[in-house]
Structure formats: structure tokens, C-alpha cells
Amino acid sequence: MSSNTSRGWVAIAGLGPGPAEWITPEVTAALDEATDLIGYAPYVARVPARDGLQRHGTDNREELGRAGHALRLAAQGHRVVVVSSGDPGVFAMAAAVFEAVERGEPAWRELDIRVLPGISAMFAAASRIGAPLGHDFCAINLSDNLKPWELVEQRLRLAAQGDFVIALYNPLSKARPWQLGRALELLRTEFPESVPVVFATAVGDEREAIDVVPLGEARPERADMRTLVMIGSRQTRLIARAGGAPFVYTPRSVGAAS
Ligand code: SAH
């Protein structure tokens, strides 16, 4: 980060899916220089406390307020790290900070604002089973808190018709119990029932669980809030192994394997 300590800055940092070894040295350096740490409380809790670091944990629904708080502190000369899980640009705080910049004080546009990338859940999940994202793919946030459900359905249908591998983030929560079931139902009308579905839960934790099932057998109850659901494309292949789970991969070119 900037060596000019008299000027404030905001670093919007990705902490990765969980394990410390998936945090980049760049993020660690920013955390070491920070005066303030802002984010959803469970993510803030992942950063060890130290003298000189003020920790501000907030509720998950306060993204814009949290972003404004970070920008105000930086404008006063604080060195602020805003933390997200995974990558901060993927369904996370970076976009909220830029939204606050666009709507907020004109002076905020001149601030030193940087996005420090992290390992997104879809990359961590993919790494556990092989290379399902080896060809074209897309990521869809299944939450309809921030967009109408009809739009989610339209995107799912078009992604399936385009034969993209689909990474589903936020597949369900207590407040959104039916969305994943409805999404799987819709995808069964578009994809053959044999395409593989990966349920990757708590990747990197001791609670980690990865299951690969055909779309025809995929049940929404398998997922929770810390599950990344990945739907293979018509090209995605399984390599069976006597000793354990199959490798799952999508060939680099269409029609490469058959
Ligand atoms: N910015 C984050 C995503 C935030 S949305 C990223 O890039 O990964 C939160 C969703 O991410 C969860 O509902 C879940 O679908 C996924 N997720 C986050 N951490 C995960 C983990 N360790 N294992 C599996 N999925 C995870």
C-alpha cells in the first residue's frame, strides 16, 4: 500500500474462502498497515486483533452504510481495510464502495481506493474436484434480495441454453428457502439430467464437504448458506476413480472429449 502514511486510503480486500494460506501477501500487508477494519462481523472476526487496529463489525445488510463509513474515515486520514470473503469484487463490498463513491461526497472520488483481489468461492470449489471451469462459465447470485426473481430465472435459462457452466452463489438462506429448488427444477428442463452438479460446502474449513451428483438427483436440501453450487455444462466430464470421488472437468475446447 501507499508509503505516505499521512494520507488516508481504503483497501477493499478479499480474505478468500477461509484458510489463512488463501489470503494474499498483498492483503496481509494492507491489514498490517490499517488503522480501521470494516466489514460483516464474521469476516472482521477472521482478522486477528492488534493494538492500533479499530475493528468495526456490522450486520450483513448494511453494505452501503458500511461503505460510506469507510470513505468518511479515509477522508479523515484513516487507513481503512474493508473486508469481504472470497474476492471483494464478486457479490461483495467493492461494488458497494464504488456505489457509495458515485452517490457520495465529490471529494471521495479523489481518495486512494484500491481493490485487493482474493480467491473466490467458485475457484476454491473448482480446485477441489478438478477443472470444471476450464471452458466458458458464468456466476449467478441466487439471492433475490437485490433483483427480481424473474430476472434470476431468465439468466439461468439463457445460461443453460448458452451451455455455460453455472456457479451459483448464495443458493439459499432461512429467508430464501425455495429459490434453489426452483432453480434446479428450471435447469432440469434445459439441461440433460446427467450433467454433473457439484455441492461444495465450507470449502477450506474442517466442515468442508464436496458432493458430485447428476442434475436429476440434485436436491436443494443438500445446500446451505456456505455452499457453492456448480452446474456442469453439456461438455463437463467425469473421470471415475476406484479409490474415491471422480475428477470433474470441462475440456478446453468444445467437442474435445467424447
Ligand atoms: N465474495 C465472495 C462471495 C460472497 S457471497 C466470493 O468471492 O467467494 C457468499 C456466498 O459465497 C455463499 O452463500 C456461498 O455460496 C459462497 N461461499 C463463500 N465462502 C464459501 C466457502 N468457503 N465454501 C463454499 N461456498 C462459499
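What counts, and where the lines are drawn
Residues numbered from 1 in each chain as written. Predicted model: local features only at pLDDT ≥ 70, side-chain atom pairs only at ≥ 80, totals over all residues. Heavy atoms only, no water. Core = buried A, V, L, I, M, F, W, Y, C linked by side-chain atoms within 4.5 Å. Buried < 20%, exposed > 50% of the residue type's maximum accessible area, 1.4 Å probe, protein only. Helix = DSSP H or I, 4+ residues; strand = E, 2+ residues; numbered from the N terminus. Contact = heavy atoms within 4.5 Å. Axes fitted to C-alpha atoms, helices over the stretch in contact; angles between N-to-C directions. Left-handed = near helix turned anticlockwise from the far one by under 90°. Nonpolar A, V, L, I, M, F, W, Y, C, P; charged D, E, K, R; others polar. Pairing = 2+ DSSP bridges. Domains from an automatic or database assignment. Buried area = accessible area lost by both parts, 1.4 Å probe.

1. Some remarks on the nonpolar core
Okay, so step 1: Of all hydrophobic cores here, the largest spans 25 residues; its most connected members are L156, I166, L168, L180, L187 and I231.
Okay, so step 2: When residues of this core are traced back to their parent elements, those giving at least two are β7 (137-141), α6 (149-161), β8 (165-169), α7 (179-190), β9 (196-201) and β11 (227-231).
Okay, so step 3: Apart from residues lying up to four places away in sequence, L187 is in contact with L156, A160, I166, L215 and I231.

2. Here's the deal with the packing of α6 against α7
Okay, so step 1: The interhelical angle for the contact between α6 and α7, taken along N-to-C directions, is 35°, at an axis separation of 10 Å. Between α6 and α7 lies a crossing whose hand is right-handed. Each of W149, E153, L156, R157, A160 and Q161 in α6 lies in contact with α7, whose residues at this interface are Q179, R182, A183, L186, L187 and E190.
Okay, so step 2: Among the residues making up the contact of α6 with α7, the classes are represented as 6 nonpolar, 2 polar and 4 charged.

3. A closer look at the pairing of β9
Okay, so step 1: Counting buried positions along β9 yields 6 of 6 residues, so the element is predominantly enclosed.
Okay, so step 2: Burial along β9 is two-sided: the face carrying P196, V198 and A200 and the face carrying V197, F199 and T201 are both buried.
Okay, so step 3: The sheet contact formed by β9 and strand β10 (residues 209-214) spans 6 bridges and is antiparallel. When the bridges of β10 are listed, F199 appears paired with D211.
Okay, so step 4: By the bridge criterion, 5 bridges tie β9 to β11 in an arrangement that is antiparallel. Each bridged residue has a counterpart across the sheet, and for V197 the counterpart in β11 is I231.

4. Remarks on the domain arrangement of the protein chain
Okay, so step 1: Each domain of the protein chain was delimited in the assignment, giving domain 1 (9-119) and domain 2 (122-249).
Okay, so step 2: Placing the centre of domain 1 and that of domain 2 at their C-alpha centroids yields a distance of 28 Å.
Okay, so step 3: Contacts between domain 1 and domain 2 engage 7 residues on the former and 11 residues on the latter.
Okay, so step 4: For the pair domain 1 and domain 2, the summed buried area comes to about 750 Å², and 68% of that belongs to carbon and sulfur atoms.
Okay, so step 5: On the domain 1 side of the interface with domain 2, the three residues burying the most area are P17, W22 and F91, jointly 58% of the side's total.

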